[in-house]
Amino acid sequence: MVMAATLTRFGFGYPPCKPNALSSYCYCKPATRTAAGNGFLAMGRSSWRCRVTTTSREIMAGRRREKKEEEEVEEEWRSYLAPERLEVLTQMEPWVEEHVLPLLKPVEASWQPSDMLPDPAALGSDGFHTACLELSARAAGVPDELLVCLVANMVTEEALPTYPSVLNRFEAVRDATGADGTAWARWIRGWSAEENRHGDVLNRYMHLSGRFHMREVERTVQRLIRSGMVVHAPASPFHGFVYVAFQERATAIAHGNTARLVGARGAGDETLARICGTVAADEKRHEAAYTRVMGKLFEADPDGAVRAMAYMMRRRIDMPTALISDGGHADFYARFVAIAQQAGTYTVSDYRGILEHLIRQWGVEDLAAGLSGEGRRARDYLCALPRKIQRMEERAHDRIAKAQNKPTHIPINWIFDRPISVVLP
C-alpha cells in the first residue's frame, strides 16, 4: 500500500539539511592559493569562518508566514462549506437514489463469510476438522511477505468503525440521527454493512490457517481504531469523495493483487485467492459509487471539484492504515510499505495508475469552461503529476540499483517475529 511513506521512498523526501529552529550556522572556509602560485588550493591559517545567524525577528517573520499559509489553506477548504456549494449535494439526492444506491446488494443476495470458509454446523465436527486441516495445509505455502500484506489488508478492513464516522463528518450528506431516511444516509449505512463482512472473512481465514500470531494481530487492530485516521479537509464532501473514490480503487487493487499472487499461479491457496477476489469485487462496486458521485460534482461545479482534487493530491492520499502500529516500532508503517512494494500487493505504480484513471474518468484534461485561474492551475498540476511521480520512481529505482543495497531483515510480530528481507533505498 502506497501512501506518504512510499512516496517519500520514491522522491518526496526531506531536504538534506534543516536549520536549527533558533539559529543557522554556515561555516565557510574559503580556499586560498599557495604562495608558490601553483594553482592548488589550500587552507591556510588565514581561512575565515562565515557565520550566518537567523535572528529572532527573522524567525518570527517565518512563523507568521507559516501561520498565514495555514490559515489560507484552512480558508480554502472551508469555503466548500458555503451554503451554495452544499446545495449541490442536497439537490443530488434523487440522483443518488437512482444511480448510487443500486450499487448496494440486498442482504439476501450478498455473500457471507460462512460461504467461503469451513462451517462446523454444515460439516459436523469431523468434517469441520478435516476442512480446517486442508485449509491450513494450503496456507502453509503462502510466503511470509504475502502473509504480512494480508494482515495489513485485514487490519484496514477491521478498522471499519472509523470510516462511517469520517463520512458522517461530511456536511450535507451525513446520517445525522443514525437512522436517517435520506439516500445519502442509507448509502453510508449500506456501504458500512457490506464492508463489515470483509474484515470478518479475512480474520476468520487467518484464525483457521494457524499461520498468524493472532493476539498480536488483534492488538494491531485495536491500536489502529484507537488512533483513528487523518483526513484532510474533514468536513468537505468535495474533498472527502475524492479521497474515498481513490481509496476504494486502491483497496480493490490491493486485494486483487493479493488474490493473484496467492492463486493457482502463485502460492496455490485457492481458498484465500477466492476470498481476496470476492472482497476486491465488492470494493470495485464501492469505487464505482464514489467515482460516480465525484463525476457528478465535476459536472455541477468543475472549478470546485478540480481544485478539491488538486488540494488532496498535493497532500497525498494516505491509506487508512497510515497510523498502524505493531506496538514496538515508530516507523512500522514505512516498514510495511516497503514490504508491500516488494511483494507487489500495492506499489507506487499502482498509486500512479489510480491517479491516471481518475483523471481520465473525470475528464480533468478536458476541463476548460467554468474554470477560474486557480482551477486551471489545479487542472494543469493534476495532469502533470502522474509523469512527475513516474520520473521520481525511475530515479529511485536507479539509485537502488546503483547502490546495490543489501536486504534489511525486518522481524514482524504478526508472524511470530519471522524476519522479512527487504531492500530499502
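Each value, and the rule that gives it
Residues numbered from 1 in each chain as written. Predicted model: local features only at pLDDT ≥ 70, side-chain atom pairs only at ≥ 80, totals over all residues. Heavy atoms only, no water. Pairing = 2+ DSSP bridges. Helix = DSSP H or I, 4+ residues; strand = E, 2+ residues; numbered from the N terminus. Axes fitted to C-alpha atoms, helices over the stretch in contact; angles between N-to-C directions. Parallel < 35°, antiparallel > 145°, perpendicular 65-115°, else oblique. Left-handed = near helix turned anticlockwise from the far one by under 90°. Contact = heavy atoms within 4.5 Å. Nonpolar A, V, L, I, M, F, W, Y, C, P; charged D, E, K, R; others polar. Core = buried A, V, L, I, M, F, W, Y, C linked by side-chain atoms within 4.5 Å. Buried < 20%, exposed > 50% of the residue type's maximum accessible area, 1.4 Å probe, protein only. Phe/Tyr/Trp six-rings, centres within 6.5 Å; stacked < 30°, edge-to-face > 60°. Lys NZ or Arg CZ within 6 Å of the ring centre and 35° of its normal.

J.: How should I be thinking about the pairing of strand β4 (residues 418–422) in this particular structure?
T.: Moving residue by residue along a regular strand, the side chains alternate between the two faces of the sheet. With five bridges connecting them, strand β3 (residues 408–412) and β4 associate as antiparallel partners. From the neighbouring strand, Pro411 faces β4, where its bridge partner is Pro419. Between β3 and β4, which follow one another and run antiparallel, lie five residues, and Phe416 among them has a positive phi close to 60°.

J.: In this structure, what is going on with the packing of helix α10 (residues 237–262) against helix α14 (residues 348–361)? I would like to understand it.
T.: Any two packed helices are characterised by the angle at which their axes cross and by the distance between the axes. Two elements in contact, α10 and α14, have axes whose closest approach is 10 Å; the angle formed by their N-to-C orientations is 135°. Judged on the interaxial angle alone, α14 and α10 are oblique. Note on packing geometry: the crossing formed by α10 with α14 is right-handed. Judged by residue contacts, Phe246, Arg249, Ala250, Ile253 and Asn257 of α10 engage Asp350, Tyr351, Ile354, Leu355, His357 and Leu358 from α14. Among the residues forming the contact of α10 with α14, the class breakdown is seven nonpolar, two polar and two charged.

J.: What exactly am I supposed to notice about the nonpolar core here?
T.: A general trend in soluble globular proteins is that nonpolar side chains are found buried together. Formed by 115 residues in total, the largest nonpolar core has its most connected members in Trp187, Phe241 and Met309. Once residues lying within four places of it in the same chain are set aside, the contact partners of Phe241 are Leu89, Phe170, Val173, Trp184, Tyr290, Val293, Met294 and Leu297.

J.: What am I meant to see in the packing of aromatic side chains here?
T.: In this description, an aromatic ring pair is defined by two values, namely the gap between the centres and the angle between the planes. For the coordinates displayed, the defined rule picks out nine aromatic pairs. Feature note: the residues Phe170, Trp184, Trp187, Trp191, Phe241 and Tyr290 constitute an aromatic cluster, connected by ring pairs. Over the aromatic face of Trp111 sits the side chain of Arg197, whose NZ or CZ is 4.2 Å from the ring centroid.

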